[in-house]
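# Per-entry structural report
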Amino acid sequence: MGSSIRTLAGKGGAACALFVLGVPADAGFIEDSQGSLTLRNFYFDRDYKGESNVSARREWAQGFILNLKSGFTEGSIGFGLDLQGMLGVQLDSSRDRAGTGLLPVERGSGEAQDSYAELGITGKIRYSQTELHLGTVMPRLPILISSPARMLWQTFKGGHLRSTDIPGLSLQAGYLNRMNQRDSTDYQKIAIAGPNGRFDGTAESDEFLFLGGDYALGKNLTLSYWHARLDEIYQQNYLGAIHQFKWGPGEFKTDFRWFLSDEEGSGRAGSVDNQYVGLNFGYKLGGHRLTVGGALSSGDSAMPYIAGSEPHLISEYAISSEFLNADEHFWHVRYEYDFAAAGLPGLIGVARFMKGTNAELPERLGGGNREETERYLELSYVVQSGPLKNVALRLRNSRYQNSFAPNATMRDDNETRINVDYTWKLW
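In this report, we go over the structure that sits alongside the text. (Residues numbered from 1 in each chain as written. Predicted model: local features only at pLDDT ≥ 70, side-chain atom pairs only at ≥ 80, totals over all residues. Heavy atoms only, no water.)

Here we come to a negative patch on the surface. Where like charges cluster on the molecular surface, the negative patch consists of Asp 262, Glu 263, Asp 273 and Asp 300. Examined against the element boundaries, Asp 262 turns out to sit in strand β15 (residues 250–263). The class for Asp 262 is partly exposed, based on a relative accessible area of 33%. (Patch = residues over 30% accessible without salt bridge, like charges linked within 9 Å, V, L, I, M, F, W, Y side chains within 5 Å. Areas by Shrake-Rupley, 256 points an atom, 1.4 Å probe, with all protein chains shown as cover. Salt bridge = Lys/Arg side-chain N within 4 Å of Asp/Glu carboxyl O. Lys, Arg positive; Asp, Glu negative; His and termini not counted. Charge placed at Lys NZ, Arg CZ, Asp CG, Glu CD. Helix = DSSP H or I, 4+ residues; strand = E, 2+ residues; numbered from the N terminus. Buried < 20%, exposed > 50% of the residue type's maximum accessible area, 1.4 Å probe, protein only.)

Following this line, the structure appears as structure tokens:
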């Protein structure tokens, strides 16, 4: 990995790599290329409370993410190549605290690895306003969000097609057959998430298909539809609508999300039967932004999603739970203040309260009518000038409590995450 980074750093590296693949490295490919190196320092501390066979998950690590992106060769059909190198280095860990998702854990010893690395290669083809990416891809879609929630990102292998040839309409489709988790270098078959015994988490598939898009109906309203299928496990339809408009001195925003999921084919992970409906209302005035919303989950199961990914829910960005158990009722209040309005650009504070009720768990994990609560605080700052300009600091803390059985996946905890990120533009 280290030698790969040294070889590819610089404008000529991407051109050499493209030449090796037999694609002519002409002016468009070079002139529109870009390179960056992100340094990400991540401290993760999840301190469990109450009855638990694990007292804490606590690790500290340093990540390096190299992104080299070419332009496209000239002509009606353009070719390009993207390279991504990722390296994670342990700064602090121990066998009794490993398993945060920052570092791979050795199966035999239970200890975190000292370092791990991977290299992703993506070929790309462009015609008009349509692009096809083949190789390593990281979708960020309502039906699949490649998780950036740890030090290194979750990645997938496959193809991803995007088209904006029709004004106002963005269409996408894709085929994925392998996934690589945030704390792993091995590509595996694609699995369903199974916390709290919802589904058989060992069920795997060689095929995840998706199709959908977003349509801007004027300047203020965007409508979305997506369909996804994890072969022989589940299928899912999504409808969404975002409406933003001026209201008085501020701006009002509504965000509607609806998922309908059921099993697909033989249903290897068990019965899937879920409808999830969520709605957010937000108002922004100056540096203030207040959001309130809620969601209802109904059916015989929880809503399915890909293991390790981030579900696109009203409860998104919660850090101790996703509030997605069967029949769960969720509501939250979120307040954000941008201190730029007070003369302190780069500083943002967030306070949020989340509550889930009526959750249905298997009897061994607590049974029906369970509850969970998360209180969340965040403070972030991006240095605006001087030698540390663009260094980003982020501090998050949550206090999570539930009425689940002690052997449930989510347990009472006090969690702290500290990030220091810096992206250096190579050219």
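This paragraph deals with the environment of Tyr 116. For Tyr 116, the position within the fold is in strand β4 (residues 115–127). Tyr 116 gets classed as buried once you look at its relative accessible area, which sits at 4%. Considering only alpha carbons, one finds Tyr 116 and Thr 254, 138 residues apart in sequence, at a separation of 42 Å. Those residues in contact with Tyr 116, other than ones at most four positions away along the chain, are Met 86, Leu 87, Gly 88, Leu 102, Leu 103, Pro 104, Met 151, Leu 152, Arg 182, Asp 183, Ser 184 and Thr 185. Among the polar contacts made by the side chain of Tyr 116, one reaches the main-chain carbonyl oxygen of Leu 102 at a distance of 2.7 Å. (Contact = heavy atoms within 4.5 Å. Polar contact = N/O pair within 3.5 Å; in protein donor to acceptor, adjacent residues only side chain to side chain.)

Side chains of Tyr 225, Leu 239, Phe 256, Leu 279, Phe 281, Leu 290, Val 292, Trp 331, Val 333 and Tyr 335 sit close together on the surface and give an oily, nonpolar patch of about 810 Å² of accessible area. For the nonpolar patch, the elements supplying multiple residues, two or more each, are β16 (273–285), β17 (288–298) and β18 (329–338). Examined against the element boundaries, Phe 256 turns out to sit in strand β15.

Relative to strand β5 (residues 130–137), β4 runs antiparallel, the two sharing six bridges. Directly across from Thr 122, in β5, lies its bridge partner Gly 135. Pairing between β5 and strand β8 (residues 155–163): eight bridges, direction antiparallel. Paired with Val 137 across the two strands is Phe 156, which belongs to β8. (Pairing = 2+ DSSP bridges.)

Turning to the side chain of Glu 322, a few remarks are in order. The topology assignment puts Glu 322 in the loop between β17 and β18. Beyond its immediate chain neighbours, meaning those up to four positions away, Glu 322 contacts Pro 195, Arg 198, Tyr 305, Pro 311, Leu 313, Ser 315 and Met 410.

In this section: the packing of aromatic side chains. We describe a pair of aromatic rings using the distance from one ring centre to the other and the angle between the two ring planes. In this structure the tally under the stated criterion is ten aromatic pairs. When the ring of Phe 252 is compared with that of Phe 281, the centres are 6.3 Å apart and the planes differ by 35 degrees; the resulting orientation is tilted. Note that Phe 252 is positioned in strand β15 and Phe 281 in strand β16, a separation of 29 residues in sequence. Measuring from centroid to centroid gives 5.1 Å for Phe 323 and Phe 330, while their planes differ by 50 degrees, and the two rings are tilted. (Phe/Tyr/Trp six-rings, centres within 6.5 Å; stacked < 30°, edge-to-face > 60°.)

Attention now goes to the nonpolar core. Counting residues in hydrophobic clusters, the biggest one holds 47 residues, and the most contacted among them are Ile 143, Phe 208 and Ile 306. Breaking this core down by element, the ones donating at least two residues are β9 (169–180), β10 (190–191), β12 (208–217), β13 (221–230), β14 (234–247) and β19 (347–359). For Ile 306, the residues in contact, after removing those within four places along its chain, are Leu 144, Phe 156, Met 179, Ile 190, Ala 191, Ala 193, Phe 208, Leu 230 and Tyr 234. Residues Phe 44, Ile 65, Ala 98 and Leu 103 belong to the second largest nonpolar core, which totals twelve residues. (Core = buried A, V, L, I, M, F, W, Y, C linked by side-chain atoms within 4.5 Å.)

In short, the description is geometric, and any link to function would need to be established separately.
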